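Coordinate inspection notes
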Amino acid sequence: MVARKTGSAMSEDRSGSWCKSACLAALGAVTCGVFLVPFCQSSPQDGPPVQASSMAATSVESSFGLLSPDLLSNFTAEHNSSLLWGTYRPGVYFGLRSRTIPTALVAGLMWTSARPDGTAEQSTLRHQCEQDSIQKYGFSQHDGRGYGHQLILDPENGIALNTSFLRAPFLHSGGSGSKFATGGWAVRITGKPTMQRAKDQHVYFYVAIDSEFADHDMMTGSLHIVPAANSHPAQEFLVTGTAASLGDFSILMEARETLEESSGAGAASLPIHVWGSAIRKHSHLNVDEIVMEQTSGTRHANAGVDKDHQNLGRLNGIVDEGSHLLVLQVRSGDRPFEIDITYLPAKGNDDLEGQGTEICSDLSKEHCKKSIIAQHRQWHGVPLGEEIVQRADAFRSRLINTFGLKCRVDKADDELAKARCQSPLLNGRPLGSKEIDFAAAALGAQLGSLGFFYGQTILAQSDADKAPERTALAPLLSIVPSRPFFPRGFLWDEGFHVLLVGAWDEDLAGEAVV
């Protein structure tokens, strides 16, 4: 279920936009105010602050009618699609999720260095945002809808990672006549050793169908995997699947070593190993524990696996029929590497306006498999790198223009305009690239903390003797206060969040408040 944007809001003129900005700012202040006032007036006997948040929600709803069915019934398909996918898992270093309920497709990244015997170092496995020895992480650029980039520095594992997320449609043409489907996305993960004696790395990318709150007898979906080429071990993997909320789809992943100066051209491919499970208790919530169990040296010894250094610590290639959790593993050496992953919806999905790939029913047919792979590959390698550069440039230009960080004159010879043009000053000087990078990181960190959740809220009672109550299942789109400490929605902070986000994207801020 994705919220819909009112069609009338799409056609507002500048005066209407100003009005909406003012209302949004007022709404942010009121959201904070109606929460803070009852909280400050409450006594210990009145119950915990969650009672105040309930009062606040009631006040905002009654005052503004935000949750009325009439308001939510006329949102556009374009707005719907623009928020269908995102980095909506702020509690992990890098994760994706579809904004669908009660089932969703989720994906995420994990990594760790290799021990001297080749097995994965369990104590330095990275997945959830924690206060560990990670030197730096967080989105330095994020537009809240279709682009996000972050640098992760992990000195203990001796690796610097860059993660980029891009939602289709893409700016880059991708060649004559090519078009990446609306509803698709692409991910690039690059890694570079940071130690003089580089450690080997185990990098995992997983895909899972989240059906935690779906009916047990409901057909929630399944994942299937096919080597993209007849090589062993495989250097590409094609995932096909279906999810109740998304329909049919395909995912292609490939990995390669790279030279620092180039990307995707003439690079040596890296083998990919895989494992999949259909066991219900195996999910994205405990995937880190499962992977460590699957790749431990003890498990390999018990299974009689070859003790070769390169074989230890790799996934065993077993994929259950009807898996709902798939893990893809890349083992890198002492050179930089990059991993490209693309997702394409099948044609005929109503929300995607019929754009997508033709998902073949018989993947044993070579031409069928090649057709799907070809559509993915047009956005791997060099084209994806070019698209990332264009997205970064577009984000930076929009940031400068939206917040007036530089004074711009359209015509180079317009001396009068130049004379009147006054850029913002810091300590008497115009803002430089470092200050603009800082502004980009501040906004990126905020928008990169946007999460989508589905579940129940626990409400404390004013009577301390009464047990807490659980609300009905409900979705929540919210910017979390802290990715490592508080990766969930918090009404108190949301009013402040939307003051910044509203200046960047009024409609997105409105989504979070609604």
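Anything mentioned here points back to the structure above.
Residues numbered from 1 in each chain as written. Predicted model: local features only at pLDDT ≥ 70, side-chain atom pairs only at ≥ 80, totals over all residues. Heavy atoms only, no water.

Along the backbone of the protein chain there are 12 helices and 20 strands. For the protein chain, the proportion of its 514 residues judged to be buried stands at 47%. Put simply, 67% of the contacts in the protein chain that link residues at least 6 apart link residues at least 24 apart. Carbon and sulfur atoms provide 52% of the accessible area of the protein chain, an area that totals close to 24200 Å². (Helix = DSSP H or I, 4+ residues; strand = E, 2+ residues; numbered from the N terminus. Buried < 20%, exposed > 50% of the residue type's maximum accessible area, 1.4 Å probe, protein only. Contact = heavy atoms within 4.5 Å. Areas by Shrake-Rupley, 256 points an atom, 1.4 Å probe, with all protein chains shown as cover.)

Right, let's talk about the packing of aromatic side chains for a bit. According to the stated counting rule, one finds 12 aromatic pairs in the structure shown. Arranged with centres 5.5 Å apart and planes meeting at 55°, the rings of Phe395 and Trp504 form a pair that is tilted. One end of the pair, Phe395, is in helix α8 (residues 382-403); the other, Trp504, is in helix α11 (residues 491-504), with 109 residues separating them in the sequence. Comparing Phe395 with Trp504 shows no difference in burial state: the two are buried. (Phe/Tyr/Trp six-rings, centres within 6.5 Å; stacked < 30°, edge-to-face > 60°.)

Inspection of the entire model under this criterion finds 16 salt bridges. The salt bridge partner of Asp340 is Arg188, with a shortest N-O separation of 2.8 Å. Note that Asp340 is positioned in strand β14 (residues 337-345) and Arg188 in strand β7 (residues 185-193), a separation of 152 residues in sequence. Looking at Asp340, the relative accessible area reads 0%, which means it is buried. Given a relative accessible area of 5%, Arg188 falls into the buried group. One network of salt bridges, with partners in common, ties together Arg188, Glu254, Arg256, Glu338 and Asp340. (Salt bridge = Lys/Arg side-chain N within 4 Å of Asp/Glu carboxyl O.)

Below, the discussion takes up the nonpolar core. Grouped burial of nonpolar side chains is what soluble globular proteins tend to show. Counting residues in each nonpolar core, the largest one holds 44 residues, and the members touching the most others are Leu105, Trp111, Ile339 and Ile341. Ignoring any residue separated from it by four or fewer positions in sequence, one finds Leu105 in contact with Trp85, Leu96, Arg97, Ser98, Val207, Ala208, Ile209, Leu223, Leu246, Phe249, Ile251 and Tyr343. Core analysis: the second largest hydrophobic core is formed by 27 residues, Leu166, Ala186, Phe452 and Leu477 among them. (Core = buried A, V, L, I, M, F, W, Y, C linked by side-chain atoms within 4.5 Å.)

Glancing now at unusual backbone geometry. In this structure, the amide linkage connecting Ile101 to the following residue, Pro102, adopts the cis form with an omega of 0°. By the element assignment, Pro102 lies in the loop between β2 (95-98) and β3 (104-113).

Inspection of the secondary structure assignment puts His284 in the loop between β12 (272-277) and α5 (287-295). Those residues in contact with His284, other than ones at most four positions away along the chain, are Arg89, Val106, His127, Tyr206, Ala208, Asp210 and Leu325.

Turning to the sheet that holds strand β8 (residues 201-210), a few remarks are in order. One open sheet holds the 6 strands; their spatial order is β1-β2-β3-β8-β13-β12, and the pairing between them is antiparallel. Two strands in the sheet have a free side with no partner beyond their single neighbour: β1 (85-86) and β12. In this sheet, β3 lies alongside β2 in antiparallel orientation, the contact comprising 3 bridges. If you follow Arg97 over to β3, its bridge partner there is Val106. (Pairing = 2+ DSSP bridges.)

A relative accessible area of 8% places His284 in the buried class. Taking the C-alpha atoms as reference points, His284 and Leu326, separated by 42 residues in sequence, lie 9.4 Å from one another.

This brings us to the pairing of β2. What you see with β2 is no split at all: Gly95 and Arg97 on one side and Leu96 and Ser98 on the other are buried throughout. Sheet analysis places β1 next to β2, joined by 2 bridges and oriented antiparallel. Opposite Gly86, over in β2, you have Arg97 as the bridge partner.

Further remarks concern α5. In terms of burial, α5 is a largely internal element, 7 of the 9 residues being buried. Taken together, the buried positions of α5 are Val287, Asp288, Ile290, Val291, Met292, Gln294 and Thr295.

A word on the packing of α8 against α11. Orientation of α8 relative to α11, taken along the N-to-C sense of each, is 105°, at an axis distance of 9 Å. Classified by the interaxial angle, the pair formed by α8 and α11 is roughly perpendicular. Each of Phe395, Arg398, Leu399, Thr402 and Phe403 in α8 lies in contact with α11, whose residues at this interface are Leu500, Ala503 and Trp504. Grouping the amino acids of the contact of α8 with α11 by side-chain chemistry returns 6 nonpolar, 1 polar and 1 charged. (Axes fitted to C-alpha atoms, helices over the stretch in contact; angles between N-to-C directions. Parallel < 35°, antiparallel > 145°, perpendicular 65-115°, else oblique. Nonpolar A, V, L, I, M, F, W, Y, C, P; charged D, E, K, R; others polar.)

Its place among the elements puts Arg197 in the loop between β7 and β8. For Arg197, a relative accessible area of 76% corresponds to the exposed category. Counting along the chain gives 137 residues from Arg197 to Asp334, while the straight-line C-alpha distance between them is 7.9 Å.

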